[in-house]
Amino acid sequence: MIRCEKLTAGYGGKEVLHEISWEAEKGKFTAVIGPNGSGKSTLLKTILGQTKVFGGDICLEGKPIKEYGSRELAKRIAYLPQHRDDAGISVGRMVLHGRFPYIAFPRRYTVADEEKVGQALKKMGIEALRDKPVSELSGGEKQKVYLAMALVQDAPVFLLDEPAASLDLSCQLSLTAMLKTLSREGKTVVAVTHDLNYALQYADKLLIINKGRAVQYGTTEETLETGVMEKVFGLHISRIRDDNGQTHYCFAVR
Ligand code: ADP
(Lines give C-alpha, C1' and ligand atoms only; values in the text may rest on other atoms or scores of the structure.)
Protein backbone atom coordinates (compact mmCIF):
# COMPACT_ATOMS: atom_id res chain seq x y z
CA MET A 1 0.00 0.00 0.00
CA ILE A 2 2.43 2.72 1.23
CA ARG A 3 6.04 1.65 1.12
CA CYS A 4 9.03 3.67 2.30
CA GLU A 5 12.41 2.51 1.11
CA LYS A 6 15.53 3.97 2.77
CA LEU A 7 13.62 7.20 3.23
CA THR A 8 15.72 10.11 4.49
CA ALA A 9 13.88 13.41 5.00
CA GLY A 10 13.62 16.54 7.14
CA TYR A 11 13.28 20.29 7.04
CA GLY A 12 15.53 22.82 5.26
CA GLY A 13 18.97 21.28 5.46
CA LYS A 14 18.22 19.21 8.57
CA GLU A 15 17.74 15.44 8.35
CA VAL A 16 15.13 14.14 10.79
CA LEU A 17 14.30 10.72 9.32
CA HIS A 18 17.15 8.40 8.45
CA GLU A 19 16.83 5.52 5.98
CA ILE A 20 13.35 4.42 7.00
CA SER A 21 12.25 1.21 5.28
CA TRP A 22 8.72 0.22 6.20
CA GLU A 23 5.44 -0.74 4.61
CA ALA A 24 2.06 0.34 6.00
CA GLU A 25 -0.10 -2.74 5.67
CA LYS A 26 -3.55 -2.81 4.14
CA GLY A 27 -6.23 -3.99 6.55
CA LYS A 28 -4.14 -3.23 9.62
CA PHE A 29 -4.28 -0.60 12.32
CA THR A 30 -0.67 0.48 12.90
CA ALA A 31 0.36 2.67 15.82
CA VAL A 32 3.49 4.77 15.36
CA ILE A 33 5.19 5.32 18.70
CA GLY A 34 8.48 6.79 19.89
CA PRO A 35 9.86 9.45 22.24
CA ASN A 36 8.96 13.11 21.68
CA GLY A 37 10.82 14.61 18.76
CA SER A 38 11.79 11.23 17.29
CA GLY A 39 10.17 11.98 13.92
CA LYS A 40 6.71 10.36 14.08
CA SER A 41 4.77 13.37 12.75
CA THR A 42 7.55 14.05 10.28
CA LEU A 43 7.06 10.57 8.84
CA LEU A 44 3.37 11.26 8.14
CA LYS A 45 4.14 14.71 6.73
CA THR A 46 6.86 13.25 4.52
CA ILE A 47 4.46 10.69 3.05
CA LEU A 48 2.20 13.64 2.20
CA GLY A 49 5.01 15.56 0.55
CA GLN A 50 5.19 18.28 3.21
CA THR A 51 8.89 17.94 4.07
CA LYS A 52 12.14 17.76 2.16
CA VAL A 53 13.17 14.29 0.96
CA PHE A 54 16.95 13.82 0.84
CA GLY A 55 16.94 10.22 -0.32
CA GLY A 56 15.00 7.01 -0.76
CA ASP A 57 11.51 6.40 -2.12
CA ILE A 58 7.86 6.43 -1.09
CA CYS A 59 5.44 4.39 -3.19
CA LEU A 60 1.67 4.34 -3.01
CA GLU A 61 -0.01 1.39 -4.70
CA GLY A 62 3.32 0.66 -6.37
CA LYS A 63 3.72 4.14 -7.90
CA PRO A 64 6.08 6.86 -6.59
CA ILE A 65 3.97 9.15 -4.45
CA LYS A 66 5.42 12.29 -6.04
CA GLU A 67 3.76 11.28 -9.33
CA TYR A 68 0.28 11.76 -7.84
CA GLY A 69 -1.47 15.11 -8.22
CA SER A 70 -2.92 16.63 -5.03
CA ARG A 71 -6.50 15.64 -5.90
CA GLU A 72 -5.50 12.07 -6.71
CA LEU A 73 -3.55 11.88 -3.47
CA ALA A 74 -6.50 13.22 -1.48
CA LYS A 75 -8.69 10.46 -2.91
CA ARG A 76 -6.22 7.92 -1.60
CA ILE A 77 -5.01 9.34 1.70
CA ALA A 78 -7.09 10.99 4.41
CA TYR A 79 -4.78 12.89 6.77
CA LEU A 80 -5.65 14.16 10.20
CA PRO A 81 -2.91 16.59 11.32
CA GLN A 82 -2.12 17.29 14.96
CA HIS A 83 -3.04 20.98 14.77
CA ARG A 84 -5.40 22.96 12.60
CA ASP A 85 -6.47 26.57 12.53
CA ASP A 86 -10.03 27.09 13.71
CA ALA A 87 -12.42 27.40 10.82
CA GLY A 88 -15.11 30.07 10.87
CA ILE A 89 -17.52 27.81 8.98
CA SER A 90 -20.21 25.38 10.09
CA VAL A 91 -19.51 21.75 10.96
CA GLY A 92 -21.52 20.52 7.97
CA ARG A 93 -19.60 22.77 5.57
CA MET A 94 -16.27 21.76 7.07
CA VAL A 95 -17.00 18.04 6.71
CA LEU A 96 -18.25 18.63 3.17
CA HIS A 97 -14.75 19.90 2.30
CA GLY A 98 -13.64 16.26 2.64
CA ARG A 99 -15.54 15.65 -0.64
CA PHE A 100 -13.49 18.31 -2.47
CA PRO A 101 -11.30 15.83 -4.40
CA TYR A 102 -14.45 14.41 -5.99
CA ILE A 103 -16.24 17.52 -7.18
CA ALA A 104 -16.18 18.04 -10.90
CA PHE A 105 -17.39 20.87 -13.12
CA PRO A 106 -19.46 22.98 -12.26
CA ARG A 107 -17.74 22.59 -8.88
CA ARG A 108 -20.85 22.03 -6.84
CA TYR A 109 -21.32 19.46 -4.13
CA THR A 110 -24.12 16.98 -4.87
CA VAL A 111 -26.93 15.49 -2.80
CA ALA A 112 -24.82 12.32 -2.56
CA ASP A 113 -21.99 14.39 -1.04
CA GLU A 114 -24.41 15.86 1.52
CA GLU A 115 -25.62 12.36 2.35
CA LYS A 116 -22.09 11.18 2.95
CA VAL A 117 -21.62 14.11 5.32
CA GLY A 118 -24.78 13.07 7.21
CA GLN A 119 -23.53 9.49 7.52
CA ALA A 120 -20.11 10.59 8.78
CA LEU A 121 -21.62 12.99 11.34
CA LYS A 122 -23.81 10.14 12.55
CA LYS A 123 -20.87 7.77 12.79
CA MET A 124 -19.02 10.31 14.93
CA GLY A 125 -22.15 11.04 17.01
CA ILE A 126 -22.17 14.77 16.15
CA GLU A 127 -25.25 15.17 13.93
CA ALA A 128 -26.61 17.79 16.34
CA LEU A 129 -23.58 20.00 15.68
CA ARG A 130 -24.10 20.22 11.91
CA ASP A 131 -25.02 23.93 11.82
CA LYS A 132 -22.69 25.10 14.59
CA PRO A 133 -19.52 27.06 13.76
CA VAL A 134 -16.45 24.84 14.20
CA SER A 135 -14.72 27.68 16.08
CA GLU A 136 -17.28 27.40 18.91
CA LEU A 137 -16.67 23.71 19.61
CA SER A 138 -14.60 22.05 22.34
CA GLY A 139 -11.29 20.39 21.43
CA GLY A 140 -12.88 16.92 21.51
CA GLU A 141 -15.82 17.99 19.36
CA LYS A 142 -13.49 19.59 16.82
CA GLN A 143 -11.47 16.40 16.67
CA LYS A 144 -14.64 14.48 15.81
CA VAL A 145 -15.46 16.98 13.06
CA TYR A 146 -12.03 16.49 11.50
CA LEU A 147 -12.40 12.73 11.76
CA ALA A 148 -15.78 12.97 10.01
CA MET A 149 -14.10 15.03 7.30
CA ALA A 150 -11.47 12.28 6.91
CA LEU A 151 -14.23 9.67 6.67
CA VAL A 152 -16.08 11.38 3.80
CA GLN A 153 -12.86 11.49 1.82
CA ASP A 154 -13.49 7.78 1.11
CA ALA A 155 -9.76 7.12 0.97
CA PRO A 156 -8.25 3.67 1.40
CA VAL A 157 -5.51 5.06 3.65
CA PHE A 158 -5.88 7.03 6.90
CA LEU A 159 -2.87 8.82 8.38
CA LEU A 160 -3.82 10.20 11.78
CA ASP A 161 -1.60 12.29 14.03
CA GLU A 162 -2.69 11.84 17.66
CA PRO A 163 -6.36 11.22 16.75
CA ALA A 164 -7.37 10.50 20.34
CA ALA A 165 -5.83 13.69 21.77
CA SER A 166 -8.46 15.81 23.51
CA LEU A 167 -11.09 13.06 23.42
CA ASP A 168 -12.46 11.77 26.72
CA LEU A 169 -12.02 8.10 27.54
CA SER A 170 -15.34 6.86 26.19
CA CYS A 171 -14.80 8.82 22.95
CA GLN A 172 -11.27 7.38 22.72
CA LEU A 173 -12.69 3.89 22.96
CA SER A 174 -15.36 4.49 20.33
CA LEU A 175 -12.72 6.09 18.08
CA THR A 176 -10.56 3.00 18.53
CA ALA A 177 -13.48 0.73 17.66
CA MET A 178 -14.06 2.83 14.56
CA LEU A 179 -10.41 2.65 13.48
CA LYS A 180 -10.46 -1.11 14.04
CA THR A 181 -13.61 -1.42 11.93
CA LEU A 182 -12.05 0.66 9.15
CA SER A 183 -9.00 -1.57 9.12
CA ARG A 184 -11.18 -4.71 9.13
CA GLU A 185 -12.97 -3.26 6.10
CA GLY A 186 -9.61 -3.26 4.33
CA LYS A 187 -8.40 0.29 4.99
CA THR A 188 -4.80 1.04 5.90
CA VAL A 189 -4.91 2.90 9.21
CA VAL A 190 -1.76 4.50 10.64
CA ALA A 191 -2.01 6.55 13.82
CA VAL A 192 0.75 8.40 15.66
CA THR A 193 0.17 8.18 19.39
CA HIS A 194 2.07 8.99 22.58
CA ASP A 195 -0.19 6.64 24.54
CA LEU A 196 1.81 3.43 24.89
CA ASN A 197 -0.89 1.50 26.71
CA TYR A 198 -3.33 2.35 23.94
CA ALA A 199 -0.87 1.31 21.25
CA LEU A 200 0.03 -1.98 22.91
CA GLN A 201 -3.56 -2.85 23.62
CA TYR A 202 -5.31 -1.93 20.38
CA ALA A 203 -2.92 -1.72 17.44
CA ASP A 204 -2.42 -4.67 15.09
CA LYS A 205 1.11 -3.48 14.43
CA LEU A 206 3.53 -1.13 16.16
CA LEU A 207 6.16 0.95 14.39
CA ILE A 208 8.75 2.36 16.76
CA ILE A 209 10.67 5.43 15.64
CA ASN A 210 13.69 6.44 17.65
CA LYS A 211 15.96 9.35 16.74
CA GLY A 212 14.55 9.31 13.21
CA ARG A 213 15.09 5.60 12.63
CA ALA A 214 12.54 2.82 12.38
CA VAL A 215 13.84 0.48 15.05
CA GLN A 216 11.00 -2.04 15.28
CA TYR A 217 7.89 -3.06 13.37
CA GLY A 218 5.69 -5.92 14.50
CA THR A 219 2.75 -7.02 16.62
CA THR A 220 2.58 -6.18 20.32
CA GLU A 221 3.79 -9.67 21.23
CA GLU A 222 6.68 -9.57 18.78
CA THR A 223 7.62 -6.07 19.91
CA LEU A 224 7.58 -6.83 23.63
CA GLU A 225 9.72 -9.92 23.05
CA THR A 226 12.49 -7.85 21.46
CA GLY A 227 12.84 -5.58 24.52
CA VAL A 228 13.27 -2.63 22.12
CA MET A 229 10.42 -0.68 23.67
CA GLU A 230 11.94 -0.87 27.12
CA LYS A 231 15.27 0.33 25.79
CA VAL A 232 13.87 3.16 23.67
CA PHE A 233 11.56 4.54 26.36
CA GLY A 234 13.74 3.62 29.37
CA LEU A 235 10.81 1.78 30.97
CA HIS A 236 9.96 -1.52 32.62
CA ILE A 237 6.78 -2.88 31.08
CA SER A 238 4.62 -5.42 32.87
CA ARG A 239 1.39 -7.08 31.84
CA ILE A 240 -1.74 -7.59 33.87
CA ARG A 241 -4.65 -9.73 32.75
CA ASP A 242 -8.06 -8.60 34.03
CA ASP A 243 -11.10 -10.74 34.90
CA ASN A 244 -12.34 -10.46 31.32
CA GLY A 245 -9.08 -11.87 30.00
CA GLN A 246 -8.00 -8.51 28.60
CA THR A 247 -4.34 -7.55 28.92
CA HIS A 248 -3.31 -4.17 30.33
CA TYR A 249 0.19 -2.75 30.45
CA CYS A 250 1.92 -0.99 33.34
CA PHE A 251 5.01 1.14 32.99
CA ALA A 252 7.71 2.05 35.48
CA VAL A 253 10.84 4.12 34.94
CA ARG A 254 13.93 1.87 34.82
P1 ADP B 1 7.46 13.57 17.05
O2 ADP B 1 6.22 13.57 16.22
O3 ADP B 1 8.09 12.22 17.15
O4 ADP B 1 7.29 14.19 18.40
P5 ADP B 1 8.40 15.47 15.06
O6 ADP B 1 8.33 14.69 13.82
O7 ADP B 1 7.33 16.46 15.34
O8 ADP B 1 8.56 14.47 16.30
O9 ADP B 1 9.77 16.25 15.11
C10 ADP B 1 11.01 15.60 14.82
C11 ADP B 1 12.11 16.65 14.76
O12 ADP B 1 11.85 17.52 13.67
C13 ADP B 1 12.21 17.51 16.01
O14 ADP B 1 13.57 17.74 16.27
C15 ADP B 1 11.53 18.79 15.61
O16 ADP B 1 12.06 19.89 16.28
C17 ADP B 1 11.85 18.86 14.11
N18 ADP B 1 10.80 19.59 13.39
C19 ADP B 1 9.47 19.32 13.38
N20 ADP B 1 8.80 20.17 12.57
C21 ADP B 1 9.73 21.02 12.06
C22 ADP B 1 9.67 22.13 11.16
N23 ADP B 1 8.52 22.53 10.62
N24 ADP B 1 10.84 22.74 10.86
C25 ADP B 1 12.03 22.33 11.38
N26 ADP B 1 12.16 21.29 12.25
C27 ADP B 1 11.03 20.63 12.59
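Remember, it's a predicted structure, so these values are computed and weren't measured experimentally.

Enquirer: Quick question: what am I supposed to make of the overall build of the protein here?
Expert: Check the secondary structure of the protein and you find nine helices and 12 strands. Against the compact-globule benchmark of 18 Å for 254 residues, the protein has a radius of gyration of 19 Å, which places it among compact chains. For the protein, the C-alpha atoms occupy an extent of roughly 55 × 50 × 30 Å along the three principal directions. Here the protein holds 254 residues, and 50% of them are scored as buried. Counting only contacts in the protein whose residues sit at least 6 apart along the sequence, the fraction spanning at least 24 positions is 64%. In the structure as shown, the protein presents an accessible area of about 12500 Å², 49% of it carried by carbon and sulfur atoms. A gap of 4 Å separates the mean positions of the 35 positive and 31 negative side-chain charges of the protein.

Enquirer: Help me out: how do you make sense of the site of the ligand in this one?
Expert: Near the ligand the following residues occur: Tyr 11, Lys 14, Val 16, Pro 35, Asn 36, Gly 37, Ser 38, Gly 39, Lys 40, Ser 41 and Thr 42. Take Gly 39: an N or O atom from its main chain is 2.9 Å from an oxygen atom of the ligand. Residue Thr 42 places a side-chain N or O atom 2.5 Å away from an oxygen atom belonging to the ligand. Bound to the protein, the ligand loses 60% of the 560 Å² it would expose on its own. Sorting the residues of the shell around the ligand by element identifies strand E2 (14-24) and helix H1 (40-47) as the ones contributing at least two each.

Enquirer: Teacher, can you tell me more about the pairing of strand E1 (residues 2-11) here?
Expert: Taken residue by residue, a regular strand's side chains alternate between the two faces of the sheet. Of the pairings in the sheet, the one linking E1 to E2 comprises seven bridges and is antiparallel in character. The residue of E2 that forms the bridge with Cys 4 is Trp 22. Linking E1 back to E2 in an antiparallel pair, the connection comprises two residues, with Gly 12 at a positive phi of about 55°. In terms of strand pairing, E1 meets strand E4 (residues 52-60) through seven bridges, oriented antiparallel. The residue of E4 that forms the bridge with Ile 2 is Leu 60.

Enquirer: Before we go on, may I ask you to explain the layout of surface pockets in this structure?
Expert: Remark: the empty space left among the atoms is shown by a probe the size of a water molecule rolled over them. Approximately 360 Å³ is the volume found for the largest pocket. Lining of the largest pocket is provided by 18 residues; of these, Ser 70, Ala 74, Ile 77, Pro 101 and Gln 153 occupy positions nearest its centre. Elements represented by at least two residues in the lining of the largest pocket include exactly helix H2 (70-76), strand E6 (77-80) and helix H5 (139-152). The element contributing the most residues to the lining of the largest pocket is H2, with four residues. Across the lining of the largest pocket, the residue classes break down as 11 nonpolar, five polar and two charged.

Enquirer: How should the environment of Lys 180 be read in this particular structure?
Expert: Within the secondary structure, Lys 180 is located in helix H6 (residues 169-184). Classification of Lys 180 as partly exposed rests on a relative accessible area of 21%. In sequence terms Lys 180 and Lys 116 are 64 residues apart; their C-alpha atoms lie 20 Å from each other. Not counting residues within four places of it along the chain, the set of residues in contact with Lys 180 comprises Phe 29, Tyr 202, Ala 203 and Asp 204.

Enquirer: Would you take a moment to explain the nonpolar core for this structure?
Expert: Inside soluble globular proteins, nonpolar side chains tend to come together where they are buried. Judged by nonpolar contacts, the single largest core of 40 residues is most densely connected at Val 91, Val 95, Val 145, Phe 158, Leu 160 and Leu 179. Mapped by element, the contributors of at least two residues to this core are E6, helix H3 (91-96), helix H4 (111-123), H5, strand E7 (157-161), H6, strand E8 (188-192) and helix H7 (196-202). Looking at this core element by element, the count peaks at eight residues for H5. If sequence neighbours within four positions are ignored, Leu 179 has contacts with Phe 29, Leu 160, Val 189 and Tyr 198. With 27 residues, the next largest nonpolar core counts Val 32, Tyr 79, Val 157 and Ile 209 among its residues.

Enquirer: Teacher, can you tell me more about the sheet that holds E4 here?
Expert: The antiparallel open sheet is built from four strands, whose spatial order is E2-E1-E4-E5. Both edges of this open sheet fall to E2 and strand E5 (63-64), since each of them pairs with a single strand only. Taken strand by strand, H1 contacts E1, E2 and E4, and its axis lies near 110° from that of E1.

Enquirer: So what exactly am I meant to see when it comes to unusual backbone geometry here?
Expert: One non-glycine residue with positive phi stands out, namely Asp 154, at about 55°. Relative to the assigned elements, Asp 154 resides in the loop between H5 and E7. Located in the positive-phi region is Lys 211, a residue other than glycine, with phi close to 50°. On the secondary structure map, Lys 211 appears in the loop between strand E9 (205-210) and strand E10 (213-218).

Rules behind the numbers
Residues numbered from 1 in each chain as written. Predicted model: local features only at pLDDT ≥ 70, side-chain atom pairs only at ≥ 80, totals over all residues. Heavy atoms only, no water. Helix = DSSP H or I, 4+ residues; strand = E, 2+ residues; numbered from the N terminus. Rg over C-alpha atoms; globule rule 2.2 N^0.38 Å. Buried < 20%, exposed > 50% of the residue type's maximum accessible area, 1.4 Å probe, protein only. Contact = heavy atoms within 4.5 Å. Areas by Shrake-Rupley, 256 points an atom, 1.4 Å probe, with all protein chains shown as cover. Lys, Arg positive; Asp, Glu negative; His and termini not counted. Charge placed at Lys NZ, Arg CZ, Asp CG, Glu CD. Near = heavy atom within 4 Å. Polar contact = N/O pair within 3.5 Å; in protein donor to acceptor, adjacent residues only side chain to side chain. Pairing = 2+ DSSP bridges. 1 Å grid on protein atoms, 1.4 Å probe; cavity = no way out; pocket = protein on both sides within 12 Å on 5 of 7 lines; lining within 4 Å. Points joined across faces, edges and corners; volume = space filled by probe spheres on them. Nonpolar A, V, L, I, M, F, W, Y, C, P; charged D, E, K, R; others polar. Core = buried A, V, L, I, M, F, W, Y, C linked by side-chain atoms within 4.5 Å. Axes fitted to C-alpha atoms, helices over the stretch in contact; angles between N-to-C directions.

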